[in-house]
Amino acid sequence: MRQGRGSPQGKPTGLLGGSFNPAHGGHRSISLFAIDALELDELWWLVSPGNPLKPNKDMAPLPARLASARFSARRSRIRPTAIERELGTRYTVDTLRRIKMRYPKRQFIWIMGADNLAQFVKWRRWRDIAAMMPIAVIARPGYDADAMAGPAMAWFRRFVRRSDQRKNWTKWSTPALVYLRFRPDPRSATAVRSADPHWFKRYEGRGIRDAVTRTLVY
Ligand SMILES: Nc1ncnc2c1ncn2[C@@H]1O[C@H](COP(=O)(O)OP(=O)(O)OP(=O)(O)O)[C@@H](O)[C@H]1O
Ligand SMILES: O=C(O)c1ccc[n+]([C@@H]2O[C@H](COP(=O)([O-])O)[C@@H](O)[C@H]2O)c1
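What you see is a predicted model, and the numbers here were worked out from it, not measured in a lab. (Residues numbered from 1 in each chain as written. Chains lettered and ligands numbered in written order. Predicted model: local features only at pLDDT ≥ 70, side-chain atom pairs only at ≥ 80, totals over all residues.)

A.B. asks: Looking at this structure, how should I read the overall build of the protein chain?
C.D. replies: When you go through the protein chain residue by residue, the secondary structure sums to ten helices and seven strands. For the protein chain, whose C-alpha radius of gyration is 16 Å, the value lies close to the compact-globule estimate of 17 Å for 218 residues. Dimensions of the protein chain along its principal axes, counting C-alpha atoms only, are 45 × 40 × 30 Å. Residues counted as buried form 39% of the 218 residues belonging to the protein chain. Long-range pairs, those at least 24 residues apart, make up 79% of the contacts in the protein chain between residues at least 6 apart in sequence. (Helix = DSSP H or I, 4+ residues; strand = E, 2+ residues; numbered from the N terminus. Rg over C-alpha atoms; globule rule 2.2 N^0.38 Å. Buried ≥ 20, exposed ≤ 12 C-beta atoms within 10 Å, placed from the backbone. Contact = placed C-beta atoms within 7 Å.)

Structural data, given as structure tokens:
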């Protein structure tokens, strides 16, 4: 049965963290698929002030990245946020702990592409992240073999759930990981930047405003 709005377990909510430098059609399409596949009430995009593992070089200002996210998320259940800026967090483990405390009426699942699973053991306290909420990994062309053979997956293997059970994720104990294979989407922000290095100029003059509180406080 659909864990709909106002269910006793809390509104099922996806969290997709990213640089969104810029947001692109791949983000939108995997998010729409995930909303459907996991029966999410909403999927929040956490536009990062700065991925701790990525150089700041070539990183557009947060307001421009957030504005690109708002454009890509239009007319959907995707909610772009700059919540890490508001919370003052940079590491995902800290962000997720704060979000869970702040939104007790929601139930969360962390969503990331296969490229991030391949690197997950480099993240700060990654096992604590896995203990905090289920994780859905979205297959991504060019990254799945490394992700499946990598050290994170070696640890997660005993916690892997079958994808045909995905709609039950709100009942899973953690750690739990489900690998979702949607239509493979080769789009990337790297490709957008190389085709249009000045993409952020379209969004110049945008502020962060109250992006988080306006969209996320219910
Ligand atoms: N085409 C895609 N298929 C699957 N996952 C994706 C895709 N594009 C982005 N993601 C996932 O979305 C999240 C945010 O991605 P991010 O903002 O880094 O975009 P990106 O295209 O990976 O950027 P870059 O090319 O600069 O590394 C990450 O978890 C990433 O794995
Ligand atoms: O917490 C960490 O150590 C950590 C290390 C690398 C990446 N992350 C998060 O992973 C998400 C995806 O980042 P990116 O740049 O690949 O889009 C984003 O929310 C980052 O803050 C988090």
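A.B. asks: What am I meant to see in the environment of Asn-168 here?
C.D. replies: Position of Asn-168 among the secondary structure elements: in the loop between β6 (160–161) and β7 (177–180). With 113 residues separating them in the primary sequence, Asn-168 and Pro-55 have C-alpha atoms 38 Å apart.

A.B. asks: Looking at this structure, how should I read the sheet that holds strand β3 (residues 78–81)?
C.D. replies: Whether parallel or antiparallel, the strands of a sheet pair through hydrogen bonds between backbone atoms. In spatial order, the strands read β3-β2-β1-β4-β5-β7-β6; together these seven strands make up an open sheet with parallel pairing. The sheet is open, and its two edges are formed by β3 and β6, each paired on a single side. With four bridges joining them, strand β2 (residues 42–47) and β3 adopt parallel strand pairing. Following the sheet pairing, Leu-43 is matched in β3 by Ile-78. Strands in contact with helix α2 (residues 62–72) are β2 and β3; relative to β2, the strand with the most contacts, it is inclined by about 160°. (Pairing = 2+ DSSP bridges. Axes fitted to C-alpha atoms, helices over the stretch in contact; angles between N-to-C directions.)

A.B. asks: Any chance you could explain the site of ligand 1 here in plain terms?
C.D. replies: The environment of ligand 1 is made up of 19 residues, and the closest members are Gly-18, Gly-26, Gly-113, Ala-189 and Thr-190. Elements represented by at least two residues in the shell around ligand 1 include exactly β1 (11–18), α1 (25–37), β4 (106–113), α5 (114–119) and α9 (189–195). For the shell around ligand 1, the leading source of residues is α1, giving three residues. The residue inventory of the shell around ligand 1, partitioned by class, reads six nonpolar, nine polar and four charged. (Near = placed C-beta within 6 Å. Nonpolar A, V, L, I, M, F, W, Y, C, P; charged D, E, K, R; others polar.)

A.B. asks: Got a minute to help me understand the environment of Val-121 in this structure?
C.D. replies: With respect to the element layout, Val-121 can be found in the loop between α5 and α6 (126–132). The class for Val-121 is partly exposed, based on 14 C-beta atoms found within 10 Å. Counting along the chain gives 35 residues from Val-121 to Phe-156, while the straight-line C-alpha distance between them is 11 Å.

A.B. asks: I tried to follow α2 on my own but got confused; where do I start?
C.D. replies: Along an α-helix, residues three or four positions apart point the same way, because every turn accommodates 3.6 residues. By the criterion of burial, α2 is predominantly enclosed, with nine of the eleven residues buried. Taken as a whole, α2 has its buried residues at Leu-62, Pro-63, Ala-64, Arg-65, Leu-66, Ala-67, Ser-68, Ala-69 and Ser-72.

A.B. asks: Looking at this model, I keep getting lost on the site of ligand 2. Mind explaining?
C.D. replies: Near ligand 2 there are 15 residues, and of these Gly-17, Gly-18, Ser-19, Asn-51 and Trp-123 occur at the shortest range. Sorting the residues of the shell around ligand 2 by element identifies β1 and α4 (92–102) as the ones contributing at least two each. Grouping the constituent residues of the shell around ligand 2 by class yields six nonpolar, seven polar and two charged.

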